[in-house]
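Next come the chains, spelled out residue by residue.
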Amino acid sequence: FTIYSGDDVPNYIRRDQLILVDVSAETINRDGVYLLKVGGRTVLRVAQIGLSNNTLTLAALNPEYKHLNEVVTPDAEGNIPGVQVHGRVVGVLKP
């Protein structure tokens with residue numbers, strides 16, 4: 001469990017809610033919401049794997065952060081340069 005204090009995905013997880021993270025997910029190998037470390041910041045991003053190529057879209061659902069959405073290409077091991085995967089969100093405890 002961890003408490004997330006960001007507002008990257010406001011319709012799914014609100015500020016300071018308790019989230020359950022599968023920390024065994026060290027790479028992004030399926031669509032979902034992931035806890036990532038990027039440039040010293042911990043963020044939540046919705047990951048969507050491209051259907052026709054080896055790309056991955058990482059998106060914040062908050063329209064204020066739309067400029068941070070990006071399409072990346074993981075290496076052969078599934079790693080993304082500059083991004084550490086801390087796990088996949090598997091649950092949210094609602095108050």
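That block above? That's the structure.
Caption draft 1: Quick peek at the overall build of the chain. Check the secondary structure of the chain and you find zero helices and seven strands. Along the chain direction, N to C, the helices and strands of the chain fall in the order β-β-β-β-β-β-β. Of all intrachain contacts in the chain linking residues separated by at least 6 positions in sequence, the fraction that spans at least 24 positions is 50%. Accessible surface, the chain as shown: approximately 5900 Å² in total, 51% of it carbon and sulfur.

Caption draft 2: Spatial organisation of the pairing of strand 7 (residues 83-93). Here five bridges tie strand 2 (residues 17-22) to strand 7, and the two strands are oriented antiparallel to one another. Residue pairing in the sheet places Asp-22 in a bridge with Arg-88 of strand 7. As defined by bridge partners, strand 3 (residues 32-38) adjoins strand 7 across five bridges and the pair is classed as antiparallel. Following the sheet pairing, Leu-35 is matched in strand 7 by Gly-87.

Caption draft 3: Structural detail: the side chain of Arg-88. Among the secondary structure elements, Arg-88 is positioned in strand 7. Apart from the residues lying within four places of it in its own chain, the contact partners of Arg-88 are Leu-20, Val-21, Asp-22, Ala-25, Arg-30, Val-33 and Tyr-34.

Caption draft 4: Structural view of the environment of Leu-36. Relative to the assigned elements, Leu-36 resides in strand 3. Along the backbone, Leu-36 and Gln-84 are 48 residues apart, and their C-alpha atoms lie at a distance of 5.6 Å.

Caption draft 5: Representation of the nonpolar core. Grouped together as the largest cluster of nonpolar side chains are twelve residues: Ala-25, Ile-28, Tyr-34, Leu-36, Val-43, Ala-47, Leu-56, Leu-58, Val-72, Ile-80, Val-83 and Val-85. Those elements that place two or more of their residues in this core are strand 3, strand 4 (41-49), strand 5 (56-59) and strand 7. The contact partners of Leu-58, leaving out residues within four places of it in the chain, are Ile-28, Leu-36, Arg-45, Val-46, Ala-47, Leu-68, Asn-69, Glu-70, Val-72 and Ile-80. Core analysis: the next-biggest nonpolar cluster, separate from the first, contains eight residues, Ile-13, Val-21, Leu-35 and Val-89 among them.

Caption draft 6: Layout of the environment of Val-83. By the secondary structure assignment, Val-83 is in strand 7. C-alpha of Val-83 to C-alpha of Thr-27: the two residues are 56 residues apart in sequence and 9.9 Å apart in space. With sequence-adjacent residues up to four places away left out, Val-83 is seen in contact with Leu-36, Lys-37 and Val-38.

Rules used in this analysis
Residues numbered from 1 in each chain as written. Predicted model: local features only at pLDDT ≥ 70, side-chain atom pairs only at ≥ 80, totals over all residues. Heavy atoms only, no water. Helix = DSSP H or I, 4+ residues; strand = E, 2+ residues; numbered from the N terminus. Contact = heavy atoms within 4.5 Å. Areas by Shrake-Rupley, 256 points an atom, 1.4 Å probe, with all protein chains shown as cover. Pairing = 2+ DSSP bridges. Core = buried A, V, L, I, M, F, W, Y, C linked by side-chain atoms within 4.5 Å. Buried < 20%, exposed > 50% of the residue type's maximum accessible area, 1.4 Å probe, protein only.

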